[in-house]
Amino acid sequence: DDYVNLGVNLIDNGQFADAEAALRRALSIDSTSQSVKLRLAILLVDLARYAEALELLESADPKVADAMTQSLKSYVLVRLGRLDEARASASCAIQLAPELAEAHASLGFVHLISRNSAEALSEWELAAQIAPERCELQANCAIRAIAYHGDVDALAFATKTRTQILKRARVNRLIVDRD
């Protein structure tokens, strides 16, 4: 746990090489730890080292691989251009935990890359319903909608999401109105 905590603190401070070393040390102590594998895989994804992240995620015991692992694996597979496998991983994540907003967001991303914006928006709406407090998840979906497709539905989703995020931020006093 000490190496995991150290790795997380180093990530927070932007010291990614040292964080990776700490997490790899934690993994050498307990090579079966799904949580350490997931943290390290997330770091590798952030560093755009998708092939390494996928290798790590695929080393997970399929009997204990959880929905978050499958959801992240889906994202990595999309980045590697393996859309059918990405769709299968996202679907597996939803089967394991239908209440996991990230799983629906991942499947939405697969649909978006597959040029099926209607299904992408549907999954993202579901993710927003499941976790309305998750502003960053909704913002990421909105940004992807605009970045990949400039269609009216994507723009409407992004606008609605932005409005919800700003409203929630004001309620939480994260934004102070100066009127």
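Quick caveat, the model's predicted, so the values are computed rather than measured. (Residues numbered from 1 in each chain as written. Predicted model: local features only at pLDDT ≥ 70, side-chain atom pairs only at ≥ 80, totals over all residues. Heavy atoms only, no water.)

1. Things to note about the overall build of the protein chain
Then comes step 1: When its secondary structure is counted, the protein chain shows 10 helices and 0 strands.
Then comes step 2: Ordered by position from the N terminus, the helices and strands of the protein chain form the series α-α-α-α-α-α-α-α-α-α.
Then comes step 3: Counting every position in the protein chain, which comprises 179 residues, the buried fraction comes to 42%.
Then comes step 4: Summarising the internal contacts of the protein chain: among those between residues at least 6 apart in sequence, 47% fall at separations of at least 24.
Then comes step 5: About 10100 Å² of surface is accessible on the protein chain, with carbon and sulfur atoms providing 52% of the total. (Helix = DSSP H or I, 4+ residues; strand = E, 2+ residues; numbered from the N terminus. Buried < 20%, exposed > 50% of the residue type's maximum accessible area, 1.4 Å probe, protein only. Contact = heavy atoms within 4.5 Å. Areas by Shrake-Rupley, 256 points an atom, 1.4 Å probe, with all protein chains shown as cover.)

2. Structural notes on the packing of aromatic side chains
Then comes step 1: Scanning the entire structure with this criterion turns up 1 aromatic pair.
Then comes step 2: With 5.5 Å between their ring centres and 25 degrees between their planes, Tyr75 and Phe109 make a pair best called stacked. Remark: Phe109 occurs in helix 7 (residues 101–113) and Tyr75 occurs in helix 5 (residues 67–79); sequence separation between them is 34 residues.
Then comes step 3: Looking at Tyr75, the relative accessible area reads 19%, which means it is buried. (Phe/Tyr/Trp six-rings, centres within 6.5 Å; stacked < 30°, edge-to-face > 60°.)

3. Observations regarding helix 2 (residues 16–29)
Each turn of an α-helix holds 3.6 residues, which means side chains three or four residues apart point in the same direction.
Then comes step 1: An ideal rise of 1.5 Å per residue puts 20 Å on 14 residues; helix 2 measures up with 20 Å between its terminal C-alpha atoms.
Then comes step 2: Looking only at helix 2, the buried set comprises Ala19, Glu20, Ala22, Leu23, Ala26 and Leu27. Buried residues of helix 2, viewed axially, fall in a sector of 165 degrees; they line one side. Turned more than 90 degrees away from the buried face of helix 2 sit Ala17 and Ile29, all of them exposed.
Then comes step 3: Buried residues along helix 2 sit against helix 1 (2–12), helix 3 (34–46) and helix 4 (50–58). (Expected span 1.5 Å × (residues − 1). Arc of directions from axis to C-beta.)

4. Considering the confidence of the model for the protein chain
Then comes step 1: Mean pLDDT over the protein chain works out to 80, with 71% of the residues at or above the 70 mark.
Then comes step 2: Across the protein chain, element-level confidence peaks in helix 6 (residues 83–96) with a mean pLDDT of 95 and bottoms out in helix 10 (residues 152–171) with 61.
Then comes step 3: A low-confidence stretch, residues 170–179 (pLDDT under 50), is modelled with 5 contacts involving residues beyond four sequence positions or located in other chains. (pLDDT = per-residue confidence, 0-100.)

5. Regarding the pattern of salt bridges
Then comes step 1: Summed over the entire model, instances satisfying the criterion amount to 6 salt bridges.
Then comes step 2: As a salt-bridge pair, Glu52 and Arg24 come within 3.6 Å of each other at their nearest N and O atoms. One end of the pair, Glu52, is in helix 4; the other, Arg24, is in helix 2, and 28 residues separate them in sequence.
Then comes step 3: Arg24 sits in the partly exposed class, given a relative accessible area of 36%.
Then comes step 4: Of the charged contacts in the structure, one is a salt bridge between Glu52 and Arg49, with a shortest N-O distance of 2.8 Å.
Then comes step 5: Taking relative accessible area as the criterion, Glu52 reaches 35% and is therefore assigned partly exposed.
Then comes step 6: Three or more residues are tied together by salt bridges with common partners; here these are Glu20, Arg24, Arg49 and Glu52. (Salt bridge = Lys/Arg side-chain N within 4 Å of Asp/Glu carboxyl O.)

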